[in-house]
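Chain and residue survey
So the chains spell out like this:
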Amino acid sequence: MKKFLALALALVMVLALAACGGTGDTPGSGDAPAGDQVGAGKTIGIAMPTQSSERWINDGANMKAKLEALGYTVQLQYAEDDPQAQVSQIENMVSQQVDCIVIAAVDEGTLTGVEAQAKEAGIPVIAYDRLLKNTDAVLYYASFDNEGVGTAIGQYIKDAKDLEGARKEGKSYTIEFFMGSPDDNNAVLLHKGIMGVLEEYLNDGTLVCKTGRTSFDETCILRWSQETAQQWCENYLSGFYADEPLDIACSAFDGFSYGIRSALESAGYTSENWPLITGQDAELMAVKNIISGHQTMSIYKDTRLLAEKCVGMINAVISGTEPEINDTSTYDNGVFVVPSYLCTPVAVDVNNYEEIIVEGGYYTADQLAG
Ligand code: BGC
């Protein structure tokens, strides 16, 4: 009887774990069959970029929890945006002969040496959210449609400001750009997506960028630094917007948007002339700022789904099967096109955050109220 009860309990636990795994999308072919502790005796190294942004803390925690539930041992490391620290962390993982390494790079350019070491040691490498460039050591890439993030931001601005209507009436809006890190492929694609929508309005004067800084090279901010974004915004406001307000701050990251908010407050902006401010990641603070009117929108990226897809890739490389892939043409890393799973980004603002974020279980209403 005791044996039967123990077995029944084990079965209930396994079913509960299997139920926890899903967030809506169909499970990948690399997902572990229910009840199989595919990770038993295996160690996964996870190299994350920084804890300075909430998004990466959540990504790390999600991945760790999901992998541990499958029996894996997890080594989770954060490099605090120091490329050399990340190189050392990955070197350690290689020398410990972990079974798979997942990397969200600080600087895509600095890792080719350690990636080659991993390959040499027979350790599979998976790129998490940020593409690993110029290497043949990476097997798979789990991310979002990163150009789509930019397109969604551009489209939001176009719709919210009715740029078509403004063009017909000969009306114009001022805009400044705060783009992501030059060593992050996602940042380049995001800028491309934004310009795909907004460029024509910059060209015909419906959008006016008074600093003249619109190219990626002129607007990219190394390591996605909030402080730099704030500094730039302060300089722009005092140097170019003394007589006419800034109408749109096109920000590629919630962290920038916090810095932009501070700069605007210091320059005396109020709800009367507060600009449209975009963002990315739908961090808790960003959604609170959306509710209070200090940020207009953000891009929601369900990191639970991303982690689930990446775990499917890990299971596949561990068990010698094929993971779920939905893109085999977009992410050429300079050596080959990396087979990818791309999740869909969603624009959120004050009108849809309850439906998408709260009802979707990403944050509770209590978290947002606190
Ligand atoms: C990610 C974004 C994030 C940014 C800054 C990018 O690689 O795709 O979601 O906002 O890094 O951390």
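Residues numbered from 1 in each chain as written. Predicted model: local features only at pLDDT ≥ 70, side-chain atom pairs only at ≥ 80, totals over all residues. Heavy atoms only, no water.

Describing the sheet that holds strand S7 (residues 207–208)
One open sheet accounts for 4 strands, arranged S7-S6-S8-S9; its pairing is parallel. Each end of this open sheet is capped by a strand with a single partner; those strands are S7 and strand S9 (276–277). Pairing geometry for strand S6 (residues 173–178) and strand S8 (residues 248–251), over 4 bridges, is parallel. In the sheet register, Glu176 faces S8, and the bridge partner there is Ala249. Packed on one face of the sheet, helix H7 (residues 185–203) meets S6, S7 and S8 and runs near 145° to S6. Each of S6, S8 and S9 is contacted by helix H10 (residues 254–266), which is oriented at about 155° to S8, the strand it contacts most. (Pairing = 2+ DSSP bridges. Helix = DSSP H or I, 4+ residues; strand = E, 2+ residues; numbered from the N terminus. Contact = heavy atoms within 4.5 Å. Axes fitted to C-alpha atoms, helices over the stretch in contact; angles between N-to-C directions.)

Let's talk about the nonpolar core
The biggest cluster of nonpolar side chains holds 47 residues, and the ones touching the most others in it are Ile153, Ile175, Phe177, Phe178, Leu198, Leu207 and Phe256. In terms of residue count, the dominant contributor to this core is H7 (8 residues). Setting aside residues no more than four positions away along its own chain, Leu207 makes contact with Leu163, Tyr173, Ile175, Leu198, Tyr201, Leu202 and Ile248. (Core = buried A, V, L, I, M, F, W, Y, C linked by side-chain atoms within 4.5 Å. Buried < 20%, exposed > 50% of the residue type's maximum accessible area, 1.4 Å probe, protein only.)

Regarding the packing of H10 against helix H11 (residues 284–292)
Where H10 contacts H11, the two axes come as close as 9 Å, and the packing angle between them is 50°. In terms of their interaxial angle, H10 and H11 are classed as oblique. As H10 runs across H11, the sense of the crossing is left-handed. Where H10 abuts H11, its residues Asp254, Tyr258 and Arg261 lie against Met285, Ala286 and Asn289. The residue inventory of the contact of H10 with H11, partitioned by class, reads 3 nonpolar, 1 polar and 2 charged. (Parallel < 35°, antiparallel > 145°, perpendicular 65-115°, else oblique. Left-handed = near helix turned anticlockwise from the far one by under 90°. Nonpolar A, V, L, I, M, F, W, Y, C, P; charged D, E, K, R; others polar.)

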